[in-house]
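Coordinates in review
Listed below, chain by chain, are the residues.
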Amino acid sequence: MSGSMKDKHVLVTAAGQGIGRASALAFARAGATVVATDINADALASLAGEAGITTRVLDVLNEEAVQSTIAETGPFDVLFNCAGVVHGGTVLDMADKDLDFAFELNVRAMIRTIRAVLPAMLERGGGSIINMASVASSVKGVPNRCAYTVTKAAVVGLTKSVAADYVTQGIRCNAICPGTVDSPSLQDRMRAQGDYDAARAAFVARQPMGRLGTPEEIADLAVYIAGATYTSGQAFAIDGGWTI
């Protein structure tokens, strides 16, 4: 049943805060057993003792760590790739090192985790992979987000490729494309602009609903997609009407 994760084993990356944390909690509430991972042990501590959730420190940039963690804690029915980074700037502002890091964390890290969980999913005859993309991708051009938009467009392509390759083998792969979500990382970016109130007002103004999204709203969509058994290869916009 869509929305029910009873007896499902779920891996969530970047689960220490924001959308990842909200998603780990939402999957657990839906009946799943969840392995919540993050590079930040202190952030993961907030999930300690939550029913249905175990935590594990994981650097998704480390191939060996990804392989060993999934070998020790899997197999998984659901993978939610939530780790990512946002760089500002246009194509003229974008440093090669920033683009390289954006590809490493936003794209290659997802490829690592998919490669690690997929063989067991195939062996068991099914699985759901969810990748965190963005409406700033192949969906919509957004000013001053070149590295982010390029790499999130790659996530949409990765999602569709995996979906097409394994649709006949019980594997579903979908992407979530949020608009602006009121997460700790967004708070950090607003403070970094020097005028927090003006930055927040600008982010709110571009959402036709007149507010920012919440991590819990994205988490609810993740749980739905994980159980949506007739859906694969889709990029789900959840953006307050930004792409209407």
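Conventions and cut-offs
- Residues numbered from 1 in each chain as written.
- Predicted model: local features only at pLDDT ≥ 70, side-chain atom pairs only at ≥ 80, totals over all residues.
- Heavy atoms only, no water.
- UniProt positions renumbered as here; feature names shortened; annotations may be inferred.
- Core = buried A, V, L, I, M, F, W, Y, C linked by side-chain atoms within 4.5 Å.
- Buried < 20%, exposed > 50% of the residue type's maximum accessible area, 1.4 Å probe, protein only.
- Contact = heavy atoms within 4.5 Å.
- Disulfide = S-S within 2.5 Å.
- Domains from an automatic or database assignment.
- Buried area = accessible area lost by both parts, 1.4 Å probe.

The name recorded for the protein in an unreviewed UniProt entry is SDR family oxidoreductase, from Peteryoungia ipomoeae. The Sequence similarities (unreviewed entry) field of the UniProt record for the protein holds the comment "Belongs to the short-chain dehydrogenases/reductases (SDR) family."

**Things to note about the nonpolar core**
By size, the foremost hydrophobic cluster in this structure holds 68 residues, and its most contacted members are Phe27, Val34, Phe80, Ile129 and Ile176. Excluding anything up to four places from it in sequence, isoleucine 129 contacts Leu79, Asn81, Ile114, Leu118, Met121, Val162, Ile171, Arg172, Cys173 and Asn174.

**Description of the state of the cysteines**
Tallied over the entire structure, the rule returns zero disulfides. No disulfide involves cysteine 82; its sulfur sits 13 Å from that of cysteine 177, the nearest cysteine. For cysteine 82, a relative accessible area of 12% gives the class buried. No disulfide involves cysteine 177; its sulfur sits 12 Å from that of cysteine 173, the nearest cysteine.

**Let's talk about the domain arrangement of the protein**
By a widespread convention, an interface's size corresponds to the accessible area lost as its parts come together. When cut into domains, the protein gives domain 1 (9–178 + 214–238) and domain 2 (182–212). Taking only C-alpha atoms, the centre of domain 1 and the centre of domain 2 are 23 Å apart. Facing eight residues of domain 1, the contacting portion of domain 2 comprises nine residues. At the boundary of domain 1 with domain 2, total buried surface from both sides reaches about 580 Å², with 49% on carbon and sulfur atoms.

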